[in-house]
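Tertiary structure, described
Residue-level listing of the chains:
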Amino acid sequence: MRFMVMVRANRESESGAMPSAQRLAEMGKFNEELVKAGVMLAAEGLRASSLGARVRFSGSKRSVIDGPFAETKELIAGFWLWQVRSLDEAIEWVKRCPNPFDGESEIEIRQVFEAEDFG
Amino acid sequence: MSADIQRSIDAVWRIESPRLIAVLTRMLRDVGVAEELTQDVLVTALEHWPRRGVPDNPGAWLMTAAKRRAIDFLRRRKVLERKHAQLGHELESEQGQPAADIEASMDDEIGDDLLRLMFVACHPVLSTDARVALTLRLLGGLTTGEIARAYLQPEPTIAQRIVRAKRTLADKKVAFEVPRAAELRERLDSVLEVIYLVFNEGYTATAGDDWMRPDLCGEALRLGRVLVGLMPGEAEVHGLVALMEIHASRERARVDAEGRPVLLLEQNRAQWDRLLIRRGLDALERAAKAGLAGPYTVQAMIAACHARALTVQATDWVRIAQLYETLAQMTPSPVVELNRAVAISRAFGAQSGLDLVDALAADQALDNYHLLPSVRGDLLGMLGRVDEAREEFRRAAALAGNARERQLLLQRAADCGREAASS
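Residues numbered from 1 in each chain as written. Chains lettered and ligands numbered in written order. Predicted model: local features only at pLDDT ≥ 70, side-chain atom pairs only at ≥ 80, totals over all residues. Heavy atoms only, no water.

Next up on the list: the overall build of chain A. Summing up its helical and strand segments, chain A has three helices and six strands in all. Along the chain direction, N to C, the helices and strands of chain A fall in the order β-α-α-β-β-β-β-α-β. For chain A, the spread of C-alpha atoms along the principal axes amounts to about 45 × 45 × 20 Å. The buried share of chain A, reckoned over its 119 residues, is 38%. The long-range fraction of contacts in chain A, counting pairs at least 24 apart against all pairs at least 6 apart in sequence, stands at 76%. About 7,300 Å² of surface is accessible on chain A, with carbon and sulfur atoms providing 55% of the total. With 16 positive and 19 negative side-chain charges, chain A shows a spacing of 4 Å between the two charge centroids. (Helix = DSSP H or I, 4+ residues; strand = E, 2+ residues; numbered from the N terminus. Buried < 20%, exposed > 50% of the residue type's maximum accessible area, 1.4 Å probe, protein only. Contact = heavy atoms within 4.5 Å. Areas by Shrake-Rupley, 256 points an atom, 1.4 Å probe, with all protein chains shown as cover. Lys, Arg positive; Asp, Glu negative; His and termini not counted. Charge placed at Lys NZ, Arg CZ, Asp CG, Glu CD.)

Between chain A and chain B, the residue contacts involve 22 residues of the former and 28 residues of the latter. Counting the surface lost from both chain A and chain B, the interface buries some 2,200 Å², and carbon and sulfur atoms represent 45% of this. In this structure, the connection of chain A to chain B is made through eight salt bridges. Between R14(B) and E89(A) there is a salt bridge, with its nearest N and O atoms 3.1 Å apart. When residues of the side of chain A that touches chain B are assigned to their parent elements, the largest contribution, four residues, is made by helix α3 (residues 87-95) of chain A. For the side of chain A that touches chain B, the class distribution of residues is nine nonpolar, three polar and ten charged. (Buried area = accessible area lost by both parts, 1.4 Å probe. Salt bridge = Lys/Arg side-chain N within 4 Å of Asp/Glu carboxyl O. Nonpolar A, V, L, I, M, F, W, Y, C, P; charged D, E, K, R; others polar.)

Residue and element names in this part refer to chain A. Together, V55, F57 and V64 give the surface a local cluster of nonpolar side chains, amounting to about 320 Å² of exposed area. Looking at the element boundaries, V55 is found in strand β3 (residues 53-58). For V55, a relative accessible area of 47% gives the class partly exposed. (Patch = residues over 30% accessible without salt bridge, like charges linked within 9 Å, V, L, I, M, F, W, Y side chains within 5 Å.)

The next subject is the packing of helix α2 (residues 31-52) of chain B against helix α3 (residues 58-77) of chain B. Residue and element names in this part refer to chain B. Where α2 contacts α3, the two axes come as close as 9 Å, and the packing angle between them is 130°. The orientation of α2 relative to α3 falls into the category oblique. Relative to α3, α2 is oriented so that their crossing is right-handed. When α2 is examined against α3, the residues V33, L37, D40, V41, L42, T44, A45 and W49 are found in contact with a partner set consisting of P58, W61, L62, A65, A66, R69, A70 and F73. When the residues that make up the contact of α2 with α3 are grouped by side-chain class, the tally is 13 nonpolar, one polar and two charged. (Axes fitted to C-alpha atoms, helices over the stretch in contact; angles between N-to-C directions. Parallel < 35°, antiparallel > 145°, perpendicular 65-115°, else oblique. Left-handed = near helix turned anticlockwise from the far one by under 90°.)

Here we come to the environment of P156(B). All names here are of chain B. Relative to the helices and strands, P156 resides in helix α8 (residues 155-171). The class of P156 is exposed, set by a relative accessible area of 57%. For the pair P156 and T144, spaced twelve residues apart in sequence, the C-alpha to C-alpha distance is 8.5 Å.

What follows covers the pattern of salt bridges. All names here are of chain B. One pass over the full model with this rule turns up 43 salt bridges over all chains. Between R278 and D282 there is a salt bridge whose closest N-O contact spans 3.8 Å. Of the two residues, R278 and D282 are both situated in helix α12 (residues 274-290); the distance of four residues between them amounts to about one turn of the helix. Relative accessible area serves as the criterion here: at 45%, R278 is assigned to the partly exposed category.

With that settled, the discussion passes to the sheet that holds strand β1 (residues 2-8) of chain A. Taken in spatial order, the four strands line up as β2-β5-β1-β6 (chain A) in an open sheet, and their pairing is antiparallel. The two strands at the open ends of the sheet, each matched to only one other strand, are β2 (40-45) and β6 (107-111) of chain A. Strand after strand, the sheet turns through a mean of 15° between neighbouring axes, direction not considered. As judged from the seven bridges shared by β1(A) and strand β5 (residues 76-83) of chain A, these two strands associate in the antiparallel manner. Within the sheet, the bridge partner assigned to R2(A) lies in β5(A) and is Q83(A). The sheet contacts of α12(B) involve β1, β2 and β5 of chain A, and relative to β2(A) the element is tilted by about 105°. (Pairing = 2+ DSSP bridges.)

Right, let's talk about the packing of α3(A) against helix α1 (residues 3-28) of chain B for a bit. Interhelical geometry of α3(A) versus α1(B) gives an angle of 65° and a closest axis separation of 8 Å. In terms of axis orientation, α3(A) runs roughly perpendicular to α1(B). When the axes of α3(A) and α1(B) are compared, the crossing they make is right-handed. Residue-level inspection shows D88(A), E89(A), E92(A) and W93(A) of α3(A) in contact with α1(B), the latter providing R7(B), S8(B), A11(B), V12(B), R14(B) and I15(B). Looking at the contact of α3(A) with α1(B) residue by residue, the classes come out as four nonpolar, one polar and five charged.

Structure follows, in structure tokens:
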């Protein structure tokens, strides 16, 4: 089964600053482990929401809202797509992830619908 | 033990056990004992961690604990005195090194050990069934119960199969090594075959009511991706992964809402998984860089032709027919010929394909292969010979082992009549 694993944004990621060389190296090593274990399907880091936009739907109307967005904790700063056998395995992997930021961070794990879920 | 801890053990086992078993097998030269000791270490760890806290690097912690246990084991048995001294030294010298260096050198070594374990689990002294079970157990980290469920077999059957396989490896004194040049080709073929067998059993189940068992596809893909990391210079490893990624990309499209199979040319291509296609095409590029294309790479190239075509009409059938010809030269087989016939019929007309199929039918090698009458029925239908087509689909249905596939073929037989009536 597949899981989308999302790193929650914070002030640091929203500031547009690049992560430190050390953090990039640590994250790189972790990503390498995921690849070697055959777990990693995709991984992307997201730029600050100031470079993004939202499209809001209301019935048949659409309105565009430019970033940045205020509710930082609701945003994501990056994500992986993993193939593992269980939520527990995904949790085990996340525990091995270096802390994405100084201090407090949060990583959310969500299961992806599979073909058989629609059967 | 609480259910939570049990689930954690399963997850940690899955992640760590192949590496631990691989390293311990090198130390002990016995897969069975290596597996037992690994299990012991894991259980101990998961009893202790909740109380004392999980170590910063659980992988390294487990590895050190496992190595200690292996040395204790050797000491108790008082065997391999010199080996023991050497291993003790290895462990002590590691303790003197900075942590990062240990990890880096450990990673390389573990990689080598994992690769050796893969070659041992897929050793030709074992039956194919045993290779599959042992590979899923030792390298996939599946439990015996999981393997049994995946293969619709009673658990004791699989457990016995694994026990016997380990005993055979010990009795035959199978060396824990990556085979050298001359032998490598053949042995690697066995590893690739085992992975592809697992994939195919998941992709088109040979028995049972379900058309697919996606979990097995996932296991095979994972093993293939791991192998790519261990043997990045082998073109065919990339080729096999490319083939599996592209085939897996169609998973959603090849079953309809009622669980019935949907044929390649009738699939909704918008449902193909673009991520897996991209991964497959990337793997194919790496295969081309690594060396000459072998049979897996050529099959992946054929799959890629379909993956690149956004519509059925855009399919490059001439290229596909050429690739099947290349494949037929590498691995001559009536099944490949049958596929070539399909491609030729699409590229140059149904009659050209039918001529080839008729020649194959005369050969009798495919007498019990349901896809021969199925393809023949298809081509006859295209030529307007509906009565003969219907007969062929019925014959195909009678030969099909998969229940879903049989239904599809009977449906196609019934459709022949309807199409004739409406035209």
